[in-house]
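# Chain and residue survey
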Amino acid sequence: LPHASLFTIITCLQVLRPRRTKVMSFFRPLSIGVAACVAASVISSGSASVEDPLLVADDECQAAGSDTEREQCAVSALQRHGLKVHAEAEAARSNVTESTVCAILDDPRNSDCKSVVNWVAFGGGKNDPQADKWFKDMVTITGVDYHQAGREDFQRLYYCAPPGGKACATPPCTCSKPPCDMCLAGQKPASSRKICADNPDSAIACKPPFNPMAYKGMEWPTIIIEGTKEQHIFAIGDWGGMDGSLNPIEGRPHIIAYTWGARAGPSVFPRTRWDMHHKVELCSHKQFIECFNSHGGSSECPDSCGYVAGVDDQPQQLVASAMAERAALMDPGLILNVGDNFYWGGIEKTCGTPMGEISFTAHHQFDQVYEQVYKGPGLDGKPWFSVLGNHDWGGRQFNNGWDQQIAYTWVSDRWVMPAPYYMARVEYVDQGFSVDLFMADTNFNDAKESSEDSEHNICGSAHNPPGATCGVIGGPVSVETCVAYFQQLWSEQKVWLQKKLSESKATWQIVVTHFPCGEDGENQAFYRKLHQDYGLDLLVTGHRHDQELWTPSMTYKNFMGGLTCFVTGGGGGITSEATPNPQDKKDWYGEGEYGFYDLTITKASIKIESINYDGKVLLDTIVYPK
């Protein structure tokens, strides 16, 4: 076992006496044996054989496979569901992961990674057949190929993105290409937005703020769109899958839910399916995992799961392909993004990275889940006006790296999220009309008392670590004050929305937010007021994992006084509410399960088309200015 010392094996034998122990799984308790403990201390072992059936007892490992596959699955399961020692040690550290404090490898704080770094640097790790796979991020992080890297370079790697999870607590004080505490080889990519070249003093677009709340409510520089051709805007949400190829930091588990999830690019998160009224569970998480492991071929994957092979297992890719194909034809001027950009819990690091820096974790997730997926003619360089969804805030804990999604604004030429809420003007100068976009945060809807709904509560005590805080950067200070924080955030936006809408001189006013049509905390009364009293023309939302076009005539559910709204939560980062099988629509809320929307906008009207994952138009309607 190349990464397991005799000490580690003896420790496993001592800890697991008697033969088995219990480790808390993400979903349920998991029994593990000695072999699992040893396996958890290695990155990979081609020679070890896993015979203990306990190693395949967790959801991810139910499907039978080769010994190697089962072992790798067990390692991932343990990293994902157990081993909290390192995480507990991390709790004593500052929230700012990429600290400027450095230390040598022999420092006691680096005891977790010392043996593995020494083995890699001096004990043959560089020559292991798996080295290319293990050290794939080496050049990006350190600027040095692993063949030429020294021990301090490997310490830097294991600080930024540790292969196998044995993380160094501090960066080295010396390395081949300093600064050694930076996780992108000291190179901070600069935004190439034209406005920053023309006017570098344009603060909100060109200068990162001192904290992620500093630009709340401010206006992004006006987007000018020229030409007399037909103009389009795309809208998408809940699109960002799991980054299974990320080597997590801070003792976090790999972002893997099923046996084949450890791959490059996004992998969809499998969500339990219920009936339309959420009263009857149609497919448990365990059953859905089995559907994924077997690609629908197992008897443990019941028909009630509605699993559609080739669709449910790659919905983000299918929707992205349909978007790219339509973008090449329609050339949209911009994209409206309603959030839930990275499942399960947003950027997988603790909040607090300086706003002028991008952690390697954020870089990797953006690259694998966003940059490499949404590209091509019609999409390249187009601004993505974005908001945070509940999963971007952490899903069931608030101290994940939501601030890094805001910070990415200043290293991208298209990602726009300067604050949790802000506005932007779009002017179609050759066609004589304009749009005011109001980007709002409605995540108060998932901020509940700490003891409630542990799996769907940003403020819950079950998953927020002890002492969790993002207070130093203007985020929630504690679990105890979390609910009040999100309520206050929404209260100030309600005042802001009414003020800005009343001042708007644009042809069109559009609100973009995460939570679905009507979920304003007032049974749709606030949105009704914005439409009837302030002229709001369109509400663009997500969160529910499907596609729903709400027209004013749908008075059985639309109480917003004539306001048109749509839910575009079918971007494919998470499985849909119901089966995507078009022959089985009994539990569908809307017209589709996976897809996006295309808005054809003129001075006189907006034509809204619901586009299915296969590119077909499912439903359309026309909106006129209020």
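Since the structure is predicted, the reported quantities are computational estimates derived from the model, not experimental observations. (Residues numbered from 1 in each chain as written. Predicted model: local features only at pLDDT ≥ 70, side-chain atom pairs only at ≥ 80, totals over all residues. Heavy atoms only, no water.)

## Some remarks on the state of the cysteines
What the rule picks out here adds up to 10 disulfides. Cysteine 113 shares a disulfide with cysteine 168; S-S distance 1.9 Å. As the torsion about the S-S bond is roughly 100°, the cysteine 113-cysteine 168 disulfide counts as right-handed. With cysteine 113 in helix α5 (residues 111-122) and cysteine 168 in the loop between α8 (151-160) and α9 (194-198), the pair connects residues that are 55 residues apart, well separated along the chain. Shown here is the disulfide that connects cysteine 196 with cysteine 206, its sulfur atoms set 2.2 Å apart. An S-S torsion of about -100° defines the bridge between cysteine 196 and cysteine 206 as left-handed. Here cysteine 206 lies in helix α10 (residues 203-206) and cysteine 196 lies in helix α9, a separation of 10 residues in the sequence. Per residue, the accessibility class of cysteine 196 equals that of cysteine 206, and both read buried. (Disulfide = S-S within 2.5 Å. Helix = DSSP H or I, 4+ residues; strand = E, 2+ residues; numbered from the N terminus. Buried < 20%, exposed > 50% of the residue type's maximum accessible area, 1.4 Å probe, protein only.)

## Considering unusual backbone geometry
The linkage connecting proline 178 with the following residue, proline 179, adopts the cis geometry, with an omega of 5°. Here proline 179 shows up in the loop between α8 and α9. Backbone geometry places histidine 295, a non-glycine residue, at a positive phi of 55°. Within the fold, histidine 295 resides in the loop between α11 (285-294) and α12 (315-330). Using a relative accessible area of 41% as the deciding quantity, one classes histidine 295 as partly exposed. Its identity as a non-glycine residue notwithstanding, aspartate 331 has a phi of 50°, on the positive side. Topologically, aspartate 331 is positioned in the loop between α12 and β9 (334-337). Of the residues examined, aspartate 331 reaches a relative accessible area of 30% and is grouped as partly exposed.

## Looking at the packing of helix α15 (residues 479-503) against helix α16 (residues 525-534)
Viewed as axis vectors pointing N to C, α15 and α16 meet at an angle of 15°, and their least axial separation amounts to 10 Å. Between α15 and α16, the crossing angle belongs to the class labelled roughly parallel. Crossing of α15 over α16 shows right-handed handedness. Residue-level inspection shows Trp490, Lys494, Leu497, Gln498, Leu501 and Ser502 of α15 in contact with α16, the latter providing Phe526, Tyr527, Lys529, Leu530 and Tyr534. (Axes fitted to C-alpha atoms, helices over the stretch in contact; angles between N-to-C directions. Parallel < 35°, antiparallel > 145°, perpendicular 65-115°, else oblique. Left-handed = near helix turned anticlockwise from the far one by under 90°. Contact = heavy atoms within 4.5 Å.)

## Overview of the sheet that holds strand β10 (residues 384-386)
Spatial ordering of the open sheet is given by β11-β10-β9-β4-β18-β19-β20, a layout of 7 strands whose pairing is mixed. In this open sheet, the two edge strands, each paired with only one partner strand, are β11 (415-416) and β20 (617-623). Pairing geometry for strand β19 (residues 606-612) and β20, over 6 bridges, is antiparallel. Across the sheet, residue isoleucine 606 finds its bridge partner in β20, namely valine 623. (Pairing = 2+ DSSP bridges.)

## Focus: the nonpolar core
If you look at the biggest cluster of nonpolar residues, it comprises 134 residues, and the most contacted ones within it are Phe135, Phe154, Phe385 and Phe486. Looking at this core element by element, the count peaks at 10 residues for α15. Not counting the four nearest positions on each side in its chain, phenylalanine 486 is found in contact with Trp393, Asn443, Phe444, Ala447, Ile458, Cys459 and Pro476. Core analysis: the next-biggest nonpolar cluster, separate from the first, contains 19 residues, Cys283, Ile289, Phe292 and Cys301 among them. (Core = buried A, V, L, I, M, F, W, Y, C linked by side-chain atoms within 4.5 Å.)

## Describing the confidence of the model for the chain
When pLDDT is averaged across the chain, the result is 86; 83% of the residues are at 70 or more. Averaged pLDDT values over the elements of the chain bottom out at 34 in strand β1 (residues 21-24) and peak at 99 in strand β18 (residues 595-601). Here residues 1-64 is modelled with pLDDT under 50, and outside its nearest four sequence neighbours on either side it reaches 132 contacts, counting other chains as well. Here residues 73-98 scores under 50 on pLDDT; set against residues more than four positions off or in separate chains, the count is 70 contacts. (pLDDT = per-residue confidence, 0-100.)

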